[in-house]
Amino acid sequence: MAKNSVFAVLLRSNWWVSGVVGLVLGLIGVVSMPPGYRLFGTIMGIPFLIISMIRFKQQWDEPGPMRTEEVLQKMRKLSWDQFAAEVEAALLRDGFAVTRVQMAEADFSITADGRTALVACKRWKVPNTGVEPLRELHKAVQREGAHEGFYITSGEYTDTAIRFAAEKNIRLVNGMPLVKLLRELRYTETGKV
């Protein structure tokens, strides 16, 4: 159990943290083993070096804080039609079947691998999202028989909203995950690029 939690923490940390742990454990293994078995001592650090490589690849693909804020600012200047087109294109690119829905609580229905979800993103410019729109989305998910809901905003979520989403199987998309979703932003405040 402790090992799993250590690996989970390292999979969320910077890549170099796992690299340092792997090197230190490898060196301890080399120093502590008799001369004929030192190669086996290095094996202790290999899992951590693998985690380091995984995290390096993940972080290489992530936009930095400055790029994230720059893209979020561009998103906030889009009209609803432009933003909806961006979200729809991104979801299609990521392999979802996308249908625009005429609901007050949701904007899209997406399907992949036989699972359906509702996506709400009409309030993408709101700086702080509370629990009420998430309750509305949850009711729509239940009413429509969807498996889960996604709520997209360029702002933040209140602590109450985060807890509610965790309890009700609603995925919150904002900040870096939103920038990664819309990585090919085609619109600017003046129109198409």
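Note: the structure precedes this text.
Figured I'd write up the structure that's included with this text. (Residues numbered from 1 in each chain as written. Predicted model: local features only at pLDDT ≥ 70, side-chain atom pairs only at ≥ 80, totals over all residues. Heavy atoms only, no water.)

### Let's talk about the sheet that holds strand 3 (residues 115–120)
Thought 1: The strand order 1-2-3-5-7 describes an open sheet built from five strands, whose pairing is mixed. A single partner strand is all that each edge strand has here, and the edge strands are strand 1 (97–100) and strand 7 (170–173). Neighbour-to-neighbour, the strand axes of this sheet turn through a mean angle of 25°, independent of strand direction.
Thought 2: Along the sheet, helix 6 (residues 80–93) contacts strand 1, strand 2 (108–112), strand 3 and strand 5 (148–152); its crossing angle with strand 1, the most-contacted strand, is approximately 155°. (Pairing = 2+ DSSP bridges. Helix = DSSP H or I, 4+ residues; strand = E, 2+ residues; numbered from the N terminus. Axes fitted to C-alpha atoms, helices over the stretch in contact; angles between N-to-C directions. Contact = heavy atoms within 4.5 Å.)

### Re the pattern of salt bridges
Thought 1: Tallying each qualifying case throughout the model produces 10 salt bridges.
Thought 2: Glu-144 serves as the salt-bridge partner of Arg-143, at 3.3 Å between the closest nitrogen and oxygen.
Thought 3: Classification of Arg-143 by relative accessible area gives partly exposed; the value is 48%.
Thought 4: Given the relative accessible area of 44%, Glu-144 is considered partly exposed.
Thought 5: It is possible to trace a salt-bridge network through shared partners that takes in Glu-105, Arg-143 and Glu-144. (Salt bridge = Lys/Arg side-chain N within 4 Å of Asp/Glu carboxyl O. Buried < 20%, exposed > 50% of the residue type's maximum accessible area, 1.4 Å probe, protein only.)

### Here we look at the nonpolar core
A general feature of soluble globular proteins is that nonpolar side chains tend to end up buried together.
Thought 1: Core analysis: the biggest nonpolar cluster contains 23 residues, and Phe-83 and Ile-152 have the highest contact counts within it.
Thought 2: Going through the elements one at a time, helix 5 (65–76), helix 6, strand 2, strand 3, strand 5 and helix 9 (175–181) are the ones with two or more residues in this core.
Thought 3: In this structure, Ile-152 is in contact with Phe-83, Val-87, Val-119, Ala-120, Cys-121, Trp-124, Tyr-157, Val-173, Leu-178 and Leu-181, ignoring residues within four places of it in sequence.
Thought 4: Within the second largest apolar cluster, 17 residues are counted, among which are Ala-106, Val-131, Leu-134 and Ala-161. (Core = buried A, V, L, I, M, F, W, Y, C linked by side-chain atoms within 4.5 Å.)

### Quick word on the pairing of strand 3
Thought 1: Direction of pairing for strand 2 relative to strand 3: antiparallel, over a ladder of five bridges. What sits directly across from Ile-110, in strand 3, is Ala-117.
Thought 2: Hairpin geometry of strand 2 and strand 3 is characterised by an intervening segment of two residues between the two adjacent antiparallel strands and by a positive phi of about 55° at Asp-113.
Thought 3: The sheet contact formed by strand 3 and strand 5 spans four bridges and is parallel. Looking at strand 5, one finds that Ala-120 is bridged to Tyr-151.

### Section: helix 6
Note on helix geometry: an α-helix contains 3.6 residues per turn, so any two residues three or four positions apart are oriented the same way.
Thought 1: Taking 1.5 Å as the rise per residue, helix 6 with 14 residues should run 20 Å; its terminal C-alpha atoms sit 20 Å apart, in good agreement.
Thought 2: Here helix 6 has its buried residues at Gln-82, Phe-83, Ala-84, Ala-85, Glu-86, Val-87, Ala-90 and Leu-91.
Thought 3: In the stretch just after helix 6, Gly-95 is the one whose phi turns positive, near 95°. (Expected span 1.5 Å × (residues − 1).)

### Some thoughts on a nonpolar patch on the surface
Thought 1: There is a patch of nonpolar side chains on the surface, built from Trp-15, Trp-16, Val-20, Val-24, Ile-28, Met-44 and Phe-56 and spanning about 650 Å² of accessible area.
Thought 2: Among the elements that line the nonpolar patch, the one with the most residues is helix 2 (residues 15–32), at five residues.
Thought 3: When its relative accessible area of 36% is taken as the criterion, Trp-15 is described as partly exposed. (Patch = residues over 30% accessible without salt bridge, like charges linked within 9 Å, V, L, I, M, F, W, Y side chains within 5 Å. Areas by Shrake-Rupley, 256 points an atom, 1.4 Å probe, with all protein chains shown as cover.)

### A word on unusual backbone geometry
Thought 1: One non-glycine residue with positive phi stands out, namely Asp-113, at about 55°.
Thought 2: By the element assignment, Asp-113 lies in the loop between strand 2 and strand 3.
Thought 3: Here the phi dihedral of Asn-169 falls at roughly 60°; this positive angle occurs in a residue that is not glycine.
Thought 4: Looking at the secondary structure, you find Asn-169 in the loop between helix 8 (159–168) and strand 7.

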